[in-house]
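Next come the chains, spelled out residue by residue.
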Amino acid sequence: MNATVPVQIPLRVKVLLVTDFLSTFATIGQITIIGKQVYDLTGRELDLGLLGLAEFLPVAVLAPFIGSIADRLDRRKVLAVALVGEAVASLLLFLYSRTDPTSITPISAIVVFFGVARSFASPAGRALSIDLSPPEVVARVVALETVGFQAGMIAGPVVFGFAFVADKSLPYLLAATALVVAFVIVLFVPSS
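Conventions used here
- Residues numbered from 1 in each chain as written.
- Predicted model: local features only at pLDDT ≥ 70, side-chain atom pairs only at ≥ 80, totals over all residues.
- Heavy atoms only, no water.
- pLDDT = per-residue confidence, 0-100.
- Helix = DSSP H or I, 4+ residues; strand = E, 2+ residues; numbered from the N terminus.
- Axes fitted to C-alpha atoms, helices over the stretch in contact; angles between N-to-C directions.
- Left-handed = near helix turned anticlockwise from the far one by under 90°.
- Nonpolar A, V, L, I, M, F, W, Y, C, P; charged D, E, K, R; others polar.
- Buried < 20%, exposed > 50% of the residue type's maximum accessible area, 1.4 Å probe, protein only.
- Expected span 1.5 Å × (residues − 1).
- Bend = angle between axes of the 7 residues up to and from the residue.
- Contact = heavy atoms within 4.5 Å.
- Phe/Tyr/Trp six-rings, centres within 6.5 Å; stacked < 30°, edge-to-face > 60°.

Novice: I'd like a rundown of the confidence of the model for the protein chain, residues and numbers included.
Specialist: Averaged over all residues, the pLDDT of the protein chain is 91; the fraction at 70 or higher stands at 97%. Mean pLDDT across the elements of the protein chain bottoms out in helix α2 (residues 45-72) (88) and peaks in helix α6 (residues 170-188) (96).

So, in structure tokens, the structure goes:
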């Protein structure tokens, strides 16, 4: 009997899947807390809608250009720079939340900056692990990316909610930490 050994997912791809989880975990958890903080400051649902627009608008405007940038440049570098941008935005939110904020204008400006960084991170991050995978494992990698994304979508708001109860600025520091860890992982993942 001739048994074939299945092709294994390379270690560098498995490690990149961790960055997908961390990025989603930080992003969704932070978005949840920003919404809570904005609503606590203003008590208006309209401000939550405007906050969503501030996050979405950079992605909508930049989408036609970002895909080609991610295709033409080294995706690892694009993702690394985007993760640094997201971490900086999280640190700015952390610092602003420590000042006992009274205005949502700085929060909205930081969220726009975060949205710009996110618009670069998304296409580069999604394609990178697939690019580094042998063709035989691409379907499994896509499935694992989906699992990591869903896990981050669930775990982020839960963990960040508990962090918010402990200290209102802690979730932003947690997001920055997760994004920096993802950045470090991307730096050390070999391209081949």
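Novice: Could you give an account of the packing of helix α1 (residues 11-42) against helix α5 (residues 138-166), naming the residues involved and the relevant values?
Specialist: Their axes nearest at 7 Å, the elements α1 and α5 cross at an angle of 35°. Pair α1 / α5 crosses with right-handed handedness. Partitioning the contact of α1 with α5 into residue classes produces 17 nonpolar, 8 polar and 4 charged.

Novice: Let's hear about unusual backbone geometry: which residues, and what values?
Specialist: A positive phi angle, near 60°, is found at Asp-100, a position not held by glycine. Mapped onto the elements, Asp-100 comes out in the loop between α3 (75-97) and α4 (105-131). In this structure Asp-100 comes out as exposed when scored by relative accessible area, which is 65%.

Novice: Go over α5, please, and point to the residues and values.
Specialist: Taking 1.5 Å of rise per residue, 29 residues should cover 42 Å, and α5 covers 41 Å from first to last C-alpha, within 8% of that figure. Bending of α5 peaks at approximately 30° at the position of Ala-155, with proline Pro-157 no more than four residues after it. Residues of α5 that are buried make contact with α1, α4 and α6.

Novice: Quick one: what's the story with the packing of aromatic side chains, residue by residue and with numbers?
Specialist: The full count for this structure, using the stated rule, is 2 aromatic pairs. With a centroid separation of 5.6 Å and 25° between ring planes, the pair formed by Phe-21 and Phe-25 is classed as stacked. One end of the pair, Phe-21, and the other, Phe-25, are both in helix α1, 4 residues apart, so they sit about a helical turn from each other. The exposure class assigned to Phe-21 is partly exposed, which follows from its relative accessible area of 25%. Both rings, one in Phe-25 and one in Phe-160, keep their centres 5.2 Å apart while their planes meet at 75°; by these two values the pair is edge-to-face. Of the two residues, Phe-25 sits in helix α1 while Phe-160 sits in helix α5, which places them 135 residues apart along the sequence. The burial state of Phe-25 is the same as that of Phe-160; both residues are buried.

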